[in-house]
Amino acid sequence: VETSINGLDANNLTNTIRTRQGDRFSAAELARSTQDMAVEATNLGYPFADVRPRVDRDPATGTFAVTYLVDEGQHLYVERINITGNTKTRDFVIRRELQFAEGDPFNRALVTQGKSNIEALGFFSKVDVGVEPGSASDKVVLNINVTEQSTGNYGITAGYDTSSGILGELSLEERNFLGRGQYIKASVGASQTGKSFNFSFTEPYFMGLKMSAGVDAYYRITDETTDNFYGTTSAGAQFRFGLPVTRDISASLFAGYDQTVIADANLNSLFFTNGQVLNRGWVGYGLTLDTLDQDKHPTEGLYATLNQEYDGVSYNFLKTEAKARFFMPILPDGGIVGSLKGQAGIINTFGASSLNPSQAFNYGQTLVRGFQVQGMGPRSAGQPMGYTAYAGASAEAEFPIPMLPETYGLHGAIWADAAVIGGQGAPGFAVDANSVDQPLKSAVGASIIWDSPFGPLRGDVAYVITKATADKTQMFTLTLQTLL
């Protein structure tokens, strides 16, 4: 980084550089670094800083040398901001995405960032930003014209999941409620294993601050099945707050309460009695690191989360989970993207408190594909107890399917999963020896991924390599694809 601005230390701008030595050259990362550097210079008190990258190529070594030149730009000020085209969305929803207002210094980097922020709202199909001279030579007028698009989803969806069977949902969702940028969703769902009623509301700028606040409430009924030895009726709510910490890190705080009633129709549950009431109250926090180049189909970057949740109403335990997935291009020209995923979790109990299977970890295919929900871990009299610790890793390569047009939205993948689990979620009960004779779970397989109207669906065909004798497996699963 080189600068000609008096008083500006170039070393204070290096934290914005995304183009690192040894990395594959990326024009997108070069542009993002230039943008972020200009914004950082503005934050340091140099609002007229203009950043230009100089790229020197060395054909002999196949490398680029990048120098970021930071110079003083023309001293201009924003005289007026005109916003047009927003028949539903209120002006303040658009203005708050800009890091400047009338009377502030004009900086093209901030304008570009503001345009990106407005587009990221998802409320507009098109955002045009134009600049014209103001009433004086050192003043400019900013014209923002937006084209609104539908932000509501109303309808009925249906599908199939290998753990729940046929399922459906009637939902009402609005991402720009009353034109104030608020998110609201209400839904009623049903499947062959139960029913659910959910409500969610989020205010993205709580009390005018760059901090979100929201509430989630639910009422769920889960039926007893051959795989689930008890039914439940649960009602609960959670309050949450979210705020940005740095450019790539965000944090959340949450607190909630849940009451679950056991509905054990056949009285065959080992761990619960019919009509038993379980009360939970929790507080916790989460951290998210996101350096992905795009959200829908990332090709490079890291996405990681850390969550800790303390339950102190009827029980006394701390649940900690960390998950991360790193994406990298394997053959960029061929569209082949690789990813490595790691995840781990542990539950620490305090005092004389104990867990029950409903609070322990009970992951199946989300930890190692090829296993049923509650299909791995210790059992007592054949009933799943859950486990209190796990560590897993996955490797996957995703690729376009040859001969199929890209517009079909179909991709293929090959993968390998492995995990180790330990502990039991119901202390004091005898453990079936054949359920813990192999703590290592592993599988390999192939997948078809479809960008469907309901979201990215993936079908996984798995071959389980190692498992405990009593573990329950399934060769095929159909689920919605998630990052973690």
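Residues numbered from 1 in each chain as written. Predicted model: local features only at pLDDT ≥ 70, side-chain atom pairs only at ≥ 80, totals over all residues. Heavy atoms only, no water.

1. As for the pattern of salt bridges
Here is step 1: Evaluation of the coordinates by the stated rule reveals 22 salt bridges.
Here is step 2: Between Glu174 and Lys88 there is a salt bridge; the shortest N-O distance is 3.3 Å. Of this pair, Glu174 sits in strand E8 (residues 165-177) while Lys88 sits in the loop between strand E4 (77-84) and helix H2 (91-95), and the two are 86 residues apart along the sequence.
Here is step 3: The class for Glu174 is buried, based on a relative accessible area of 8%.
Here is step 4: Here Glu309 makes a salt bridge to Arg280, at a shortest N to O gap of 2.6 Å. One end of the pair, Glu309, is in strand E15 (residues 301-311); the other, Arg280, is in strand E14 (residues 277-290), with 29 residues separating them in the sequence. Across this residue pair, the class does not change: Glu309 and Arg280 are buried. (Salt bridge = Lys/Arg side-chain N within 4 Å of Asp/Glu carboxyl O. Helix = DSSP H or I, 4+ residues; strand = E, 2+ residues; numbered from the N terminus. Buried < 20%, exposed > 50% of the residue type's maximum accessible area, 1.4 Å probe, protein only.)

2. Observations concerning the sheet that holds E4
Here is step 1: Taking strand neighbours across the sheet as the criterion, the three strands line up as E4-E6-E5 in an open arrangement whose pairing is mixed. Here the strands that pair on one side only, and so sit at the sheet edges, are E4 and strand E5 (124-133). Taking the axes of each pair of neighbouring strands and ignoring which way they run, one obtains an average angle of 20° across the sheet.
Here is step 2: With seven bridges connecting them, E4 and strand E6 (residues 139-148) associate as parallel partners. Residue pairing for E6: Arg80 is matched across the bridge by Val141. (Pairing = 2+ DSSP bridges. Axes fitted to C-alpha atoms, helices over the stretch in contact; angles between N-to-C directions.)

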